[in-house]
Amino acid sequence: MEVGVAKHGIYLILLISLVTLSNLSTVRSSSSDLQIVDAERRIDVTSHIVRVYLTLKVENTGKSSASEVLLAFSPEQAKNIANLQAAFVTGKKKKKSYLPLKVNPTDLPDSPNGTKYFTVYLLNPLSTGESVTIEVLYTLTHSLQPFPVEISQSEPQLVYYHDSALILSHYYIKKQKTMIRTPSNKVESFTRVEPADRKGTELKYGPYEDRSPYSYSPVIIHFENNNPFAVVEELVREVEISHWGNLQITEHYKLAHGGARHKGVFSRVEYQGRPSGSGASSFKHLLAKLPPRVHSVYYRDGIGNISSSHLRSDLRKSELEIEPRYPLFGGWKATFTIGYGLPLQDFLFESDDGRRYLNFSFGCPIAETVVDDLTVKVVLPEGSKNPSALVSFPVEQNLETSYSYLDVVGRTVVVLKKKNVVPEHNIPFQVYYNFHPMFMLAEPLMLTTVFFLLFLTSLAYLHMDISIRKS
Amino acid sequence: MAAVETANDKALRYAFGNVLCFFILLLIGVLAFSIRLFSVIKYESVIHEFDPYFNYRVTQFLIKNGIYDFWNWFDDRTWYPLGRVIGGTVYPGLTLTAGTIWRILNSLNIPLSVETVCVFTAPIFSAFAAWATYFLTKEVKGTGAGLTAAALLAMVPSYISRSVAGSYDNEAVAIFALIFTFYLYIKTLNTGSLFYATLNAIAYFYMVCSWGGYTFIINLIPMHALLCIVTGRYSPRLYIAYCPLIVLGTLLAALVPVVGFNAVLTSEHFASFLVFIIIHVVALAYYIKGLLSPKMFKFAVTLVVSVGLVLCFAVIAVLVALVASSPTKGWSGRSLSLLDPTYASKYIPIIASVSEHQPPTWPSYFMDINVLAFLVPAGIVACFLPLSDASSFVILYIVTSVYFSGVMVRLMLVLAPAACIMSGIALSEAFGVFTRSIKFQLPGVSQSQQIDAKDNGSEPSGDVIRNDIVKTDRHDEPVKERPLRRNKKKDKENMEKASKPSIKSKIENKLLVLPLETSIIALFLLVLLGAFYVVHCVWAAAEAYSAPSIVLTSHSHDGLHVFDDFREAYAWLSHNTDVDDKVASWWDYGYQTTAMANRTVIVDNNTWNNTHIATVGTAMSSPEKAAWEIFNSLDVKYVLVVFGGLVGYSSDDINKFLWMVRIGGGVFPHIKEPDYLRDGQYRIDSQATPTMLNCLMYKLSYYRFADTDGGKAYDRVRRTEIGKKNIKLTHFEEVFTTHHWMVRLYKLKPPRNRIRSKTKKSKSKSSSTSNQKRRGTGKKNPWH
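**Some thoughts on the state of the cysteines**
All names here are of chain B.
Thought 1: In total, this model carries zero disulfides over all chains according to the counting rule given.
Thought 2: The thiol sulfur of Cys-312 is not disulfide-bonded, and the nearest other cysteine sulfur, from Cys-243, lies at 16 Å.
Thought 3: Between Cys-420, a cysteine without a disulfide, and Cys-537, which holds the nearest cysteine sulfur, the sulfur-to-sulfur distance is 8.4 Å.

What follows is the structure in structure tokens.
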């Protein structure tokens, strides 16, 4: 499973380089000759991370061949997009196969109303009259707006979701429909743009036909969502490589409940007495999915160990269930640290050119959380040289030096920073570096020497007579 | 040839003995360190209790801001709105020690956290204290007694109770400093070396930095000097041991901000100055005695005595005047309560309210020093045979510390090292006597001894005796199979040491031989006693003294329950309230709130301002409205109460409540203790007085408590149903209650709009809340 993902990532990288080279010369204006024959959008708002699956059937009606497709987003949405993936679909219903496509944020000079674009680069240029099916998945964070903004302990949490009934597009769309899945059938209200319909937990807009480019029809859906709005405001993951066989992970969390703010009284009687009706939007458990064969797990915060956690592990995976010290209501915060060790052979490999590389997953191990600000620090062993990181999405990179037990020259730290991270970012990244095994012995040798010198000096001292007068 | 061989043998054996001694000491150090780790293993590596949290916070500040900011630190997060000058009111020894350790480790790139260093400071220093005990006892009665005493001290429960891992308190390093200062004093007394005298002053300085208990040293050493002079034991060595210590020590002590001019102004230090004068007079007398002929000396004595008497009166007059004019009027409260055990409970409820300031009970002696209590008298007897300067000091030490420990439980800690030294001496002497008796009566041994005596004279025969002791050791082994391994080791070393004094006084000792069977049985009993001590110490370390008291556990049929409510509440406070919010609670929780929740508190465990504490006590014992006014005038936003009624945690605020009433009533007379008692009994059930049922503490503790068990409201600590179940709060609202209800946090409601409240009042005049309000406003608010 993991290896598959890794391959996936490497393919993506290869594609990136190929596609960028081949597309430098493409003429952009040709893209307006495209049209979308059929568009289907499924929006999933069951958790606090909104996932949108967009299936587009694109046809080239122009004269020249086209190799890129533009996706348009309103500026509010574009700012919340955490992740956008596109895939090229071949085959029919059951035997569908997906080929990932390269996507890049793009700016067009004359975009109406500040529309933001993403360019999807096709594998093969689309020649005149041909059509192609593209699937796009994008995730939106902080897009569910609690209303009322403050709720008391007994109230459920209601949220707004803003979007458009019509898919915002740079192209003419022949036929389109939108489905929205809500967590329960408690929907307070939704904007009607006929034909619109609600069945159980699904809202359906469309089908709409023959809409010109940049058609927009804002809708608001007001519904109940009591799922945990677990937002990690800041996460620092430290991955420390020891060539003696251990990979030590330390993760510092600043967790907050991102939903409707809690107001007024918190009553423990109510909370414990009626678990269903009281504090429905609060959460007290979090589930962290850790790699298998994890050991020495700890869970603590600034004032000591937090005793409420359970670790279940089997051969395939380990699950760490953690409870913050107190249940989190809207707006409440908590900080904690999780640390664990992993066997090195599962994550560190030697590449063909003799370099070593670490292959580790990037995102936050806690399920269904948004990380506003993620820092991954890979602490390489002392004496490592030429570090380089390979991540399949844009991250901010820099190098630091840290000193740990008895270091002399310090360890190189590869720092990777990314904002707005969602579970979709939990894919492996690689850090390559050169390392000579001699450095493993540096510290033992140093200690041996120090003790040897200590004994030598004490020997010398005992055999020396430094008194001025012989007694 | 033979002579050369024996000389070589002897050197080798000495070297072997030294190496053995070194390794035994090393093991004692390891023992002292590791027996204190039960708390880390059974619970976690965390700072314990109350005061350690303050020390931990101070250490964090020191490491973050450096030493100069530390001296100038004015802490505005406590004693709001007064604040506290931490740099000038804290004994900095512990903090500086831990800070230095941290700095050294970090400069070696060993990135231990401040917390880890603080947690392990106490165990490390108890190993040091064991070594210091070895040196001190060695100066008094030789290596054997030294090693025994060190082994005993390494695991004495009284000291363990203050120095388990995590118990980051002044005493942890102070006991080491105390013993080491005493060792250096004895060392100087035995050698007359000015080098050791200087070291002694520095050790004393470290002690002054560490703990207020330094006054014990500065009174005990003059007492001993005086004793020496009175018993005719004056020597130049005593002068060297005493005078530099007083001069240098007082100067150095005055450098510590918390002591400052107290080092010369308060009465606790006057004894040392008085003896300082006396010792000079005596020194002068001895000097003159050497110069003059006996006849002239006699004349001079009469002259000096008459002049001296006059001078003495003058000095005493000056002293009395100084005492009367000194800022603290002589003795401070805590010292006075030492001299008069009933002083504190009579005059200062705040001192009396602390359980560690109570006089101890007999069981607590047995708990804290165990079999040492029986060995001490034997040790005192052993110290008289023969009496030396050093052994007279140890006798004086044990006698005074027994007295002080009888005054305050806390000072049991000072008794523990003395008891260990005495027991070490007693055990080692007893082992010496018994093994010698056995050795002289074993047939094969006595023969060889005679032959050897003929051959080589007296000196080598000593060596033979040593050999024999090794043999007897082997003989004894089946007997000693039973006790614990650690104990066996210790006893073995005892045997080893016991041989040394036997060499010196072999001839006389031959006459003091006990019957063989008696000796063997007595040895066996002593080993058994030692084994019992070890078992008790391990039990005390593991079960009695290791609980960190911020996290509680209980065993029940369905496993271990963890009550982590305190940290739950502090974590909630620190993450979900504003940084500048003020939290009011009883002073016990002040240090923890500032350290763990980082919020400003009104009062804390420093208890320097009785009025301020009385204000909080008054608020807690007032009805809701009056309490709200007091708290509001102090800018308080949250009130924290500790409530154990749901899970049966007995040291909660309701049980401490009478002290709040007493301390509050001591300053604000409208709070009267009898109002809270029904027929002199403190009760919370339906028989409780209306004042009690309406006071803030009662309401905050039991608010909505009746809903937990279907209206019964059974308090598991007081084992009764509570008196008032339907509690309504008008000026406070519950904002957080921990999982087991042990900590409850309330927020002060903002003052109500005046016009609206008036109309409301007129609407419902007969309601219970308005009744309370009227009663509340009738009482006097101390802040208006």
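**Brief notes about the confidence of the model for chain A**
Segments scoring low in pLDDT should not have their predicted coordinates read at a detailed level.
All names here are of chain A.
Thought 1: On average, residues of chain A carry a pLDDT of 85, and 92% of them reach 70 or more.
Thought 2: Counting contacts from residues 1-7, a segment whose pLDDT is below 50, to residues more than four positions away or on other chains yields five contacts.
Thought 3: Below pLDDT 50 for its whole length, residues 9-31 participates in 23 contacts with residues either more than four positions away or in separate chains.

**As for the interface of chain B and chain A**
Thought 1: Facing the 29 residues of chain B at the interface are 25 residues of chain A.
Thought 2: Summed over both partners, the interface of chain B with chain A buries about 2400 Å², with 52% contributed by carbon and sulfur atoms.
Thought 3: For B:Arg704, the salt bridge goes to A:Glu270, with nearest N and O atoms at 3.0 Å.
Thought 4: Run the count over chain B and chain A and you get 19 residue pairs in polar contact (both at pLDDT 80 or more).
Thought 5: For the side of chain B that touches chain A, the elements supplying multiple residues, two or more each, are α28 (565-576) and β10 (732-737) of chain B.
Thought 6: Among the elements that make up the side of chain B that touches chain A, the one with the highest residue count is α28(B) (seven residues).
Thought 7: When the residues that make up the side of chain B that touches chain A are grouped by side-chain class, the tally is 13 nonpolar, seven polar and nine charged.

**Quick notes on the nonpolar core**
Thought 1: Counting 261 residues, the largest nonpolar core has A:Leu247, A:Phe336, B:Phe182, B:Phe631 and B:Phe732 as the members making the most contacts within it.
Thought 2: When residues no more than four places from it in sequence are discounted, the contact partners of B:Phe631 are B:Ala584, B:Ala619, B:Met620, B:Val636, B:Val639, B:Leu696, B:Phe732 and B:Leu748.
Thought 3: Counting 55 residues, the second largest nonpolar core, distinct from the first, contains A:Phe118, A:Ala165, A:Ile167 and A:Val187.

**Some remarks on helix α5 (residues 93-107) of chain B**
All names here are of chain B.
Thought 1: Between its first and last C-alpha atoms α5 spans 21 Å; for 15 residues at 1.5 Å apiece the expected length is 21 Å, and the two agree.
Thought 2: Those residues of α5 that fall on the buried side of the exposure criterion are Gly-93, Leu-94, Thr-95, Thr-97, Ala-98, Gly-99, Trp-102 and Leu-105.
Thought 3: The elements touched by buried residues of α5 are α3 (51-71), α6 (114-141), α9 (170-191) and α10 (194-210).

**Re the confidence of the model for chain B**
All names here are of chain B.
Thought 1: On average, residues of chain B score 82 in pLDDT, and 83% of them reach the 70 mark or higher.
Thought 2: Confidence drops under a pLDDT of 50 for residues 496-500, and excluding neighbours within four residues, the segment shows 16 contacts in the predicted structure.
Thought 3: pLDDT under 50 marks residues 758-782. Its contacts with residues more than four places away, or in other chains, come to 26 contacts.
Thought 4: Interface confidence in the predicted complex, given as ipTM, is 0.86; pTM for the same model is 0.84.

**Regarding the pairing of strand β6 (residues 116-126) of chain A**
Residues and elements named next belong to chain A.
Thought 1: Looking at chain direction, strand β3 (residues 66-73) and β6 are connected through seven bridges and run antiparallel. Pairing of Leu-71 across the sheet is with Phe-118, part of β6.
Thought 2: Strand direction decides the pairing type here: strand β5 (residues 97-106) and β6, joined by five bridges, are antiparallel. Across the sheet, the residue bridging to Thr-106 is Tyr-117, located in β6.

**A word on the sheet that holds strand β24 (residues 333-343) of chain A**
Thought 1: With respect to topology, eight strands assemble into an open sheet ordered β21-β20-β24-β17-β16-β27-β30-β29 (chain A), the strand pairing being mixed. Looking along the sheet, the strands with just one partner apiece sit at the ends: β21 (304-305) and β29 (396-402) of chain A.
Thought 2: Of the pairings in the sheet, the one linking strand β16 (residues 230-242) of chain A to strand β27 (residues 370-379) of chain A comprises eight bridges and is parallel in character. When the sheet's bridge partners are listed, A:Leu235 is paired in β27(A) with A:Leu374.
Thought 3: The strands touched by α28(B) are β20 (295-301), β21 and β24 of chain A; relative to β24(A), the strand with the most contacts, the crossing angle is about 115 degrees.

**Points about the pattern of salt bridges**
Thought 1: Applying the stated rule across the entire model yields 41 salt bridges over all chains.
Thought 2: A salt bridge links A:Arg51 to A:Glu368; the nearest nitrogen and oxygen atoms lie 3.0 Å apart. Taken together, the residues span a long stretch of sequence, with A:Arg51 in strand β2 (residues 50-60) and A:Glu368 in the loop between β26 (356-361) and β27 at a distance of 317 residues.
Thought 3: A:Arg325 is paired through a salt bridge with B:Asp564; the nearest N and O atoms lie 3.1 Å apart. Here B:Asp564 lies in the loop between β4 (559-563) and α28 and A:Arg325 lies in the loop between β23 (318-322) and β24, a pairing that spans two chains.
Thought 4: The network of salt bridges with common partners includes A:Asp301, A:Arg325, B:Glu44, B:Asp564 and B:Arg567.

Conventions adopted
- Residue positions are counted from 1 within each chain, in the order its sequence is given.
- Chain letters and ligand numbers both follow the written order, the letters beginning at A and the numbers at 1.
- For a predicted model such as this one, the threshold for reporting local features is a pLDDT of at least 70, and the threshold for listing and counting side-chain atom pairs is 80 or more; totals across whole chains, interfaces and linings nevertheless cover every residue.
- The side-chain figures draw on all heavy atoms in the structure; neither hydrogens nor water molecules are used.
- Here, two cysteine sulfur atoms that lie within 2.5 Å of each other are counted as a disulfide.
- The predictor's confidence in any single residue is recorded as pLDDT, a number from 0 to 100.
- Every residue pair with non-hydrogen atoms within 4.5 Å of one another is taken to be in contact.
- In this description, buried area is defined as the sum, over both parts, of the accessible area (probe of 1.4 Å) that is lost when the two are combined.
- In the sections that follow, a salt bridge refers to a side-chain nitrogen of Lys or Arg positioned within 4 Å of a carboxyl oxygen of Asp or Glu.
- Pairs of N or O atoms within 3.5 Å make up the polar contacts considered here, provided that, within protein, one atom can donate a hydrogen while the other can accept it, and that residues adjacent in sequence are counted only when both atoms are side-chain atoms.
- Helix and strand assignments come from DSSP, with helices taken as H or I runs of at least 4 residues and strands as E runs of at least 2, each series counted from the N terminus.
- Here the nonpolar group is Ala, Val, Leu, Ile, Met, Phe, Trp, Tyr, Cys and Pro; Asp, Glu, Lys and Arg are the charged ones; every other residue, Gly included, is treated as polar.
- Working definition of a nonpolar core: buried Ala, Val, Leu, Ile, Met, Phe, Trp, Tyr and Cys residues. They are joined through side-chain atoms within 4.5 Å.
- Classification of residues uses two cut-offs on accessible area relative to the type maximum, computed with a 1.4 Å probe and protein chains only: under 20% is buried, over 50% is exposed, and between them is partly exposed.
- Expected span of a helix, by definition, is 1.5 Å for each gap between consecutive residues, and there is one gap fewer than residues.
- In short, DSSP must find at least two bridges between two strands for them to pair.
- Each axis is a line fitted through C-alpha atoms, and for a helix only the stretch in contact is used; angles between axes span 0 to 180 degrees, taken between their N-to-C directions.

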